[in-house]
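# Structural overview
Residues per chain, in single letters:
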There are 2 protein chains.
Amino acid sequence: MANVHELYSELKKEMRDSFTLESIFAILDFDGETIMPERAEEFRGEQAAMIQGLRHEKLTSPRVGELLDQIESMSTDWAPDSVEAVNVREWRRDYDQQVKLPRELVEAITSTGIRGRAAWTKARAEDNFALFEPWLEKQFDLQKQAAEAFGYETEAYDALMDQYEAGAKTAEVAEVFAGLRAELVPLIQALQEAPNQPDMSKLEGSFDIEKQKAFNRQVVSTLGFDFERGAIGITTHPFCITLGPHDIRITTRYEENRFDTAFSSTVHEGGHAMYEQNVSLEDWATPAGTPVSLGVHESQSRFWENQVGRTRAFWSKWYPLAQETFPGLKDVAMDDYLFAMNAAQPSLIRVDADELTYNLHIMIRFELERAVFNGNLAVKDIPEAWNEKYREYLGVEVPNNAQGCLQDIHWSIGIMGYFPTYALGNIYAAQFTAALEKQLGPLEKLIAREAYPEILGWLRENIHRHGRRFTPKQLVEHVTGEAPTSKYLVDYLKSRFGGWYGIEL
Amino acid sequence: MANVHELYSELKKEMRDSFTLESIFAILDFDGETIMPERAEEFRGEQAAMIQGLRHEKLTSPRVGELLDQIESMSTDWAPDSVEAVNVREWRRDYDQQVKLPRELVEAITSTGIRGRAAWTKARAEDNFALFEPWLEKQFDLQKQAAEAFGYETEAYDALMDQYEAGAKTAEVAEVFAGLRAELVPLIQALQEAPNQPDMSKLEGSFDIEKQKAFNRQVVSTLGFDFERGAIGITTHPFCITLGPHDIRITTRYEENRFDTAFSSTVHEGGHAMYEQNVSLEDWATPAGTPVSLGVHESQSRFWENQVGRTRAFWSKWYPLAQETFPGLKDVAMDDYLFAMNAAQPSLIRVDADELTYNLHIMIRFELERAVFNGNLAVKDIPEAWNEKYREYLGVEVPNNAQGCLQDIHWSIGIMGYFPTYALGNIYAAQFTAALEKQLGPLEKLIAREAYPEILGWLRENIHRHGRRFTPKQLVEHVTGEAPTSKYLVDYLKSRFGGWYGIEL
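Rules behind the numbers
- In this convention, every chain numbers its residues from 1, walking through the sequence in written order.
- Lettering for chains starts from A, numbering for ligands starts from 1, and both go in the order in which the items are written.
- For this predicted model, a pLDDT threshold of at least 70 governs which residues receive local features, and a threshold of 80 or more governs which side-chain atom pairs are given and counted, while totals over whole chains, interfaces and linings are taken from all residues.
- A run of H or I in DSSP counts as a helix once it spans at least four residues, and a run of E counts as a strand once it spans at least two, with each numbered from the N terminus.
- Our radius of gyration is a C-alpha quantity, and the globule rule it is checked against amounts to 2.2 Å times the number of residues to the power 0.38.
- Think of it as a crowd count around each C-beta: if 20 or more other C-beta atoms lie within 10 Å the residue is buried, if 12 or fewer it is exposed, and in between it is partly exposed, with C-beta placed from the backbone throughout.
- The contact criterion used is a C-beta to C-beta distance within 7 Å, with each C-beta placed from the backbone.
- Alignment of copies: least-squares fit on C-alpha atoms of residues with pLDDT of at least 70 in both copies.
- Any two strands are treated as partners once DSSP identifies two or more bridges connecting them.
- Axis geometry follows a simple rule: fit a line to the C-alpha atoms, using only the stretch in contact for helices, then measure angles between N-to-C directions, giving values from 0 to 180 degrees.
- Only Asp, Glu, Lys and Arg are considered charged, only Ala, Val, Leu, Ile, Met, Phe, Trp, Tyr, Cys and Pro nonpolar, and every remaining residue, Gly among them, polar.
- Throughout this description, the term nonpolar core refers to a group of buried Ala, Val, Leu, Ile, Met, Phe, Trp, Tyr and Cys residues whose C-beta atoms join them within 7 Å.
- Just so you know how the angles are binned, under 35 degrees is roughly parallel, over 145 roughly antiparallel, 65 to 115 roughly perpendicular, and the rest oblique.
- Handedness of a crossing is defined here by the sense of rotation of the near helix relative to the far one, left-handed for an anticlockwise turn of less than a right angle and right-handed for a clockwise turn.
- Any helix carries an expected span of 1.5 Å times its number of residues minus one.
- Working definition: the arc comes from the directions between the helix axis and the C-beta atoms, pointing outward to the latter.
- Known as pLDDT, the predictor's confidence for each residue is given on a scale from 0 to 100.

Our focus in this paragraph is the overall build of chain A. A count of helices and strands for chain A gives 20 helices and three strands. For 505 residues, the compact-globule formula gives about 23 Å, and the C-alpha radius of gyration of chain A, at 23 Å, lands near that figure. Expressed as a percentage of the 505 residues in chain A, the buried residues total 43%. Contacts spanning at least 24 positions in sequence make up 72% of the contacts within chain A whose residues lie at least 6 apart.

Superposing chain B onto chain A requires a rotation of 180° together with a translation of 0.0 Å along the rotation axis, leaving an RMSD of 0.0 Å. Both chain copies can therefore be described as sitting about a two-fold axis. When you check the interface residues of chain B against chain A, 100% turn up at the interface there too, and the contact is symmetric in its surfaces.

This next bit is on the sheet that holds strand 1 (residues 230-234) of chain A. All names here are of chain A. Overall, mixed pairing links the three strands, which are arranged 1-3-2 in an open sheet. Each edge of the open sheet carries a strand with a single partner, namely strand 1 and strand 2 (240-244). Pairs of neighbouring strands in the sheet enclose a mean axial angle of 25°, with direction left out of account. Bridge count between strand 2 and strand 3 (residues 247-252): four bridges; the pairing is antiparallel. When the bridges of strand 3 are listed, threonine 242 appears paired with isoleucine 248. In this fold helix 10 (residues 260-277) packs onto strand 1, strand 2 and strand 3, with an angle of close to 165° to the strand it touches most, strand 3.

Residue and element names in this part refer to chain B. Strand order across the open sheet formed by three strands is 1-3-2, with mixed pairing between neighbours. Edge positions in the sheet fall to strand 1 (230-234) and strand 2 (240-244), since each of these pairs with one other strand and no more. Across the sheet, the mean angle from the axis of one strand to that of its neighbour is 25°, orientation sign disregarded. Running at roughly 135° to strand 2, helix 1 (residues 4-34) makes contact with strand 1, strand 2 and strand 3 (247-252) of the sheet.

Right, let's talk about the interface of chain B and chain A for a bit. At the interface, 29 residues of chain B touch 29 residues of chain A. Per-class residue counts for the side of chain B that touches chain A are 14 nonpolar, seven polar and eight charged.

The next subject is the nonpolar core. Inside soluble globular proteins, nonpolar side chains tend to come together where they are buried. Ile24(A), Phe132(A), Met363(A), Ile24(B), Phe132(B) and Met363(B) are the most contacted members of the largest nonpolar core, which has 226 residues in total. Among all residues touching Met363(A), those that are not within four sequence positions of it are Phe177(A), Arg181(A), Tyr393(A) and Ala423(A).

A few words on unusual backbone geometry. A positive phi angle, close to 70°, is found at Ala285(A), a residue other than glycine. A positive phi angle is found at Glu450(B), which is not glycine, with a value near 50°.

Residues and elements named next belong to chain A. The geometry of helix 8 (residues 170-192) relative to helix 14 (residues 358-373) is characterised by a closest axis approach of 11 Å and an angle of 140° between their N-to-C directions. It follows from the interaxial angle that helix 8 and helix 14 lie oblique. Pair helix 8 / helix 14 crosses with left-handed handedness. Of helix 14, the residues touching helix 8 (which contributes Thr170, Phe177, Leu180, Arg181 and Leu184) are Asn359, Leu360, Met363, Phe366 and Arg370.

What follows covers helix 20 (residues 487-501) of chain A. Residue and element names in this part refer to chain A. In this model helix 20 runs 21 Å from its N-terminal to its C-terminal C-alpha over 15 residues, within 8% of the 21 Å that 1.5 Å per residue would give. Of all the residues in helix 20, the buried ones are Tyr488, Leu489, Tyr492, Leu493, Phe497, Trp500 and Tyr501. For helix 20, the arc enclosing every buried residue in end-on projection is 170°, short of the 170-degree limit, so these residues lie on one face. Glycine 502 occupies a position one or two residues after helix 20 and carries a positive phi of about 70°.

This prediction gives chain A a mean pLDDT of 96; 100% of its residues lie at or above 70. The ipTM assigned to the predicted complex is 0.92, against a pTM of 0.93.

Residues and elements named next belong to chain B. Between its terminal C-alpha atoms helix 8 (residues 170-192) stretches 32 Å, which fits the 33 Å expected from 23 residues at 1.5 Å a residue. Within helix 8 the residues assigned to the buried category are Thr170, Val173, Phe177, Leu180, Leu184, Leu187, Ile188 and Leu191. The inward-facing, buried residues of helix 8 abut helix 7 (156-164), helix 14 (358-373), helix 15 (382-394), helix 16 (420-440) and helix 20 (487-501).

This paragraph deals with the environment of Pro80(A). Residues and elements named next belong to chain A. Mapped onto the fold, proline 80 is located in the loop between helix 3 (62-73) and helix 4 (83-100). On the neighbour-count criterion, proline 80 (8 C-beta atoms within 10 Å) is exposed. Sequence-wise, proline 80 and glutamate 369 are 289 residues apart; in three dimensions their C-alpha atoms are separated by 36 Å.

Residue and element names in this part refer to chain B. At a minimum axis separation of 10 Å, helix 9 (residues 209-223) and helix 10 (residues 260-277) run at an interaxial angle of 30°. One finds that helix 9 runs roughly parallel with respect to helix 10. Handedness of the crossing formed by helix 9 with helix 10: right-handed. Along its contact with helix 9, which presents Gln212, Asn216, Val219, Val220 and Leu223, the element helix 10 presents Ala262, Phe263, Thr266, Val267 and Gly270. Along the lines of polarity and charge, the residues of the contact of helix 9 with helix 10 split into six nonpolar, four polar and no charged.

Attention now goes to the environment of Trp411(B). Residues and elements named next belong to chain B. When you line up the elements, tryptophan 411 lands in the loop between helix 15 and helix 16. Given 27 C-beta atoms within 10 Å, tryptophan 411 falls into the buried group. Through-space distance from the C-alpha of tryptophan 411 to that of glycine 116 is 8.8 Å; in sequence the pair is 295 residues apart.

Right, let's get into the environment of Arg350(A). Residue and element names in this part refer to chain A. With respect to the helices and strands, arginine 350 occurs in the loop between helix 13 (334-341) and helix 14. Under the C-beta neighbour-count criterion, arginine 350 is labelled partly exposed, with 17 such atoms within 10 Å. Expressed as a C-alpha distance, the spacing of arginine 350 and isoleucine 234, which sit 116 residues apart in the sequence, is 22 Å. Excluding residues within four positions of it along the chain, arginine 350 makes contact with Tyr358, His361, Gln407 and Asp408.

In structure tokens, the structure reads:
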């Protein structure tokens, strides 16, 4: 009879093959977003479906189930946080997630997603919620069925979040968010009434795109993005994607009249990429060598984008080069430019929001999703509830549903329980930074002396190298000694924005 | 029992799946050549091997053999040149090619290729043929075994050529080449002694690369390349690749100090792409909708590159735009530029050769390969034989083997019987053009009035749409009423080069 090491090796090989297929899918995806011609889309769907089908077959093969059963029934000398124990535990988690959803439900979610997305597109274009409502109703219903199939302890929404943020509990997230909201709502108001206000026109100018590319490349390379193991492409919506252990790519979008947009998105995606580039290579293609969650991923992108890339310490080094590169910046004082880059202003559209108000956009979505799930809100009443929350949290009047509850694609394709990970990312980022500063000293000083290898080394050692050893919550506790809390984010935001707006908070 | 239509449908589905896998492989390839980071190469090999393995499994599955056997044993009402009959015939051909080679031989060719290529690289760098000789010996031996496995009627070399140019017979090709050589050798000499000689420095200048891109894009789009179904990438070695029925891409390489190199390679690859874009779409992923051979493919690229893209008729329209786009051309008379673009000069290196002398580079390789195959030349004597032929045909002294018989990679990886297709392409191109002119009038006049849709329409109707219905030789006979002959190429070359060099030929 095979011993546990042989079974483990066989399982590892199977899972590696499924990872190889996933990475091939990523190549198709990257190509599709960057260079594929218009009319190739339909056949690309066939190519992608073939790879996804092969991958699904591998992931859900009875042999994988058998191997897991056999390994779990045997006694081993693996420590609970050993690579082997972690991998078997997480392969089980993935396998269960793959096999728990009945095939018909998966197909219903997909087909409802295709038609729901089309309905959403039309509804948004025509500002007509009624067109989308039946599809949204259907999608919520399917997601409830999915939650039942996955199973949960307390509330169904837990099961949805668990897909993106393993082990996250709705009640805990709600509490953390509530604390954050209580601080942010008055803070936003105070900033609006502050004596200093940013001049947003400072961001406008003429910025040669080839020069932007070279500048951004130099920046992310300095921060730690490894171009021997990565590349940058151009897409309408920036993203980060992993095509292999030494092939982690980011994309960005350039605007000729703005420099800060591509810059920030490059550093943001670069943050995601540095996480992917710094997992444990010897555990690549196993859970122990895989980023743990969307929230922790977002903490890395936000850290580099905001806590590094919008600071005076950073720009004191780089602004002179920027001025040399882009003649229009010659007459713009660094602090004027930076204040505009650090503006916090309530707005209607999530994707355009700044790092402060963004959190409230997220909370609104989280609260509405949860309310529908728990039967406290009918789908037909979403527009009114949406507008009410925008008024209450952000002080803005939503003029129509197109700029309101129809702005995001996510619900139309059945992505629910996903939004909270964005705000969790901000929360984790601030909490991680506080821990980093305890060990390495003030971040500002590290940035000022360009100690990026030291910063990245700390992130690698404390976060990246763990892969999926811990749940996100356990990881935060392990690194910071505390459960996730919004207090560090609140302190950080008060200090950052109070400084620019010239008020004591 | 299943009827023949059901069996045909099942076979078509299997073959389509293998085509989908091939197209996925093409995506990996294109990505690997254009943007993949350096260190991703090794894992990309694993990804590619997985797809190739799946494809090979499909192509050689016993079920495919059964389906072919069954269909072939049934009586049908398919006409011999119907899509169904053509497809079954060609699927059989492909299947036999896939299954005839023993697995050990395929593996030996691959592993010898890997080590032979490394030996070749070193041998070329050090100009040391002896380092490469044992590998070349081995590779010739393996290719002889492959020829035996494939089977042939007259001589073993037939079986090798047959992989690239179905049905081509060595003796016939040799005869056509001999006729061509008898004309070209004195022609080259006459041109060297002609009163007019080109000033090659006219090609040098400063050409903004972004502007080159835009110019070339506009040209190939005008000629008929469909950008909704294609794209252009950048690579060291230009190529054309098909990633799907609506996804045919070309690549090129830009030089800042030369405009003609990227221009010609773009039009050349564009010619390949227009063939791929104009096969019968309803037969896509079957032999009836697939280009027939490398030689016919090359005829299309050479047609557009040389017979269109180097003519006064073409440039009379485009040179003014080129002068407007590239200030350095302002002081260069069109005819001076064009004469330099149409220079014919004996040289050592095949890939840098002009359209006239290129054919002799090919013949030399063909003659040497054949001689080794037929036992008339020992591998150790290749350098001497090579140098002798360069002296005799091109009048050049080969100073060393690095610039002589070690210049091409092909032999090191076991590609033999492939070179002749390049010269066949030139021969077919001239012969097709003569037929086109009989029907549509002088090509020069068609170009002068930019009748590109008419030209491309003729190529589509007479060549592209047939797919693999005919063998290349049959296709030439079908289109031109004659077997392949070098006389049209000779007439064309005499007229073209005689004109520029100012001599009667």
